[in-house]
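# Structure at a glance
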Amino acid sequence: YKINAARRYLIDNVTFRAESAEVDKLLREWKDESLLKAGDYYDQDKMDEERTRVADRLRNEGYYYASADLISYLVDTAFEDHKLTIRMNIRNPRIVDANRQTRTMPLQKYRIDEIFIYPNTSASNSGLTSSYDTITVPMHFRNFTTNYHYLFNQPMTLKPNVINRALFLFHNQLFRPHNINRTYSSLLSLRNFKYINTEFVESPNSTDTNRLLNAKVRLLTAKRQRLTA
């Protein structure tokens, strides 16, 4: 094989733009942290890494609907000396509402409203049903109180306060995947569950100016170990 490599393109300038004014302001503040730098060679892999990095950063700032799918690039090669410009664009998400209509909504920060714990249910159980008993257990942390709602249909193997101490999800806290991962690791360390899942649904209390999520933590108890002689 004989390969004649073409001349590589250099990045002349990188700009950022978001349809949401709040996100657009953040992108300008984060510009110096970008993996894409003027003077570097054009690199598709690095552009993909930057999309993932920005999406993760936005989600950890509370933007629940932020994802790499919302991020695209406009690359302009209309320059001499093999130079190009890159513009990152972040569009607003499109969601399906209760009437099954697709609509565009601005990227907004979400906070946690209510937190529901299913301590001994299977992965197939969903929602609040009349077959559950419910208790509310308050947890006091850093001068504020979070009420955890426990829904169960058989005796719990762990006391609610033990589970409470393993949670890093609090009322009125910004949605952050980082806290979800901490919760998962902490619950796993109890060595009492073989299935742990956290999902979020929009709270009925959510408004256009105050976006809220309800958290549902589902736990499937592992079989207890027995010792026999």
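Notes on the structure follow. (Residues numbered from 1 in each chain as written. Predicted model: local features only at pLDDT ≥ 70, side-chain atom pairs only at ≥ 80, totals over all residues. Heavy atoms only, no water.)

### Here's the deal with the nonpolar core
Ranked by size, the top nonpolar core spans 28 residues in total, and within it I117, Y148, I163, L187, F200 and L219 carry the most contacts. Listing elements by their share of this core, those giving two or more residues are β6 (110-118), β7 (133-141), β8 (144-152), α4 (177-188), β9 (193-202) and β10 (211-221). Membership of the second largest hydrophobic core comes to 23 residues, among which are V23, L26, Y63 and I90. (Core = buried A, V, L, I, M, F, W, Y, C linked by side-chain atoms within 4.5 Å. Buried < 20%, exposed > 50% of the residue type's maximum accessible area, 1.4 Å probe, protein only. Helix = DSSP H or I, 4+ residues; strand = E, 2+ residues; numbered from the N terminus.)

### Re the pattern of salt bridges
Applying the stated criterion across every chain, the model contains eight salt bridges. Between R57 and E61 there is a salt bridge; the shortest N-O distance is 4.0 Å. A residue is classified by how much of its surface remains accessible, and E61, at 21% relative accessible area, is partly exposed. (Salt bridge = Lys/Arg side-chain N within 4 Å of Asp/Glu carboxyl O.)

### A short note on the sheet that holds β6
In spatial order, the strands read β7-β8-β6-β10-β9; together these five strands make up an open sheet with mixed pairing. The open sheet has two free edges, formed respectively by β7 and β9, since each of these has just one partner strand. Adjacent strand axes in the sheet meet at a mean angle of 25°, parallel and antiparallel pairs treated alike. Bridging between β7 and β8 involves nine bridges; their strand directions are antiparallel. (Pairing = 2+ DSSP bridges. Axes fitted to C-alpha atoms, helices over the stretch in contact; angles between N-to-C directions.)

### Observations regarding empty space enclosed by the protein
Across all of its chains, the model carries one cavity of 30 Å³ or more by this definition. F16, L27, W30, K31, S34, E50, R53 and V54 are the residues that line the largest cavity. At three residues, helix α2 (residues 44-59) tops the list of elements feeding residues into the lining of the largest cavity. Split by residue class, the lining of the largest cavity holds four nonpolar, one polar and three charged. (1 Å grid on protein atoms, 1.4 Å probe; cavity = no way out; pocket = protein on both sides within 12 Å on 5 of 7 lines; lining within 4 Å. Points joined across faces, edges and corners; volume = space filled by probe spheres on them. Nonpolar A, V, L, I, M, F, W, Y, C, P; charged D, E, K, R; others polar.)

### Some words on α2
Between the first and last C-alpha of α2 there are 23 Å, a value that for 16 residues agrees with the 22 Å anticipated at 1.5 Å per step. Burial in α2 covers these residues: M47, E50, V54, A55 and L58. When α2 is viewed along its axis, its buried side chains cluster within an angular range of 130° and face the same direction. Near the N-terminus of α2, the side chain that reaches the backbone nitrogen of D45, with its oxygen 3.0 Å away, is that of D43. (Expected span 1.5 Å × (residues − 1). Arc of directions from axis to C-beta. Polar contact = N/O pair within 3.5 Å; in protein donor to acceptor, adjacent residues only side chain to side chain.)

### What about the pairing of strand β2 (residues 71-76)?
With six bridges joining them, β2 and strand β3 (residues 83-90) adopt antiparallel strand pairing. If you follow S72 over to β3, its bridge partner there is N89. Linking β2 to β3, which pair antiparallel, is a turn of six residues; within it D81 sits at a positive phi near 60°.

### Observations regarding unusual backbone geometry
With a phi angle near 70°, N172 is a residue other than glycine that sits in the positive phi range. Among the structural elements, N172 can be located in the loop between α3 (160-165) and α4. Given the relative accessible area of 43%, N172 is considered partly exposed.

### What to know about the packing of aromatic side chains
Evaluated as defined, the whole model comprises nine aromatic pairs. When the ring of Y64 is compared with that of Y65, the centres are 5.0 Å apart and the planes differ by 75°; the resulting orientation is edge-to-face. Looking at Y65, the relative accessible area reads 28%, which means it is partly exposed. Ring geometry for F141 versus F144: centroids 6.4 Å apart, planes at 85°, classification edge-to-face. A residue is classified by how much of its surface remains accessible, and F144, at 34% relative accessible area, is partly exposed. By the ring-pair criterion, three or more aromatic residues cluster together here, those being Y64, Y65, Y110, F175 and F200. For R8, the ring lying beneath its charged end belongs to Y41, and the centroid distance is 3.5 Å. (Phe/Tyr/Trp six-rings, centres within 6.5 Å; stacked < 30°, edge-to-face > 60°. Lys NZ or Arg CZ within 6 Å of the ring centre and 35° of its normal.)

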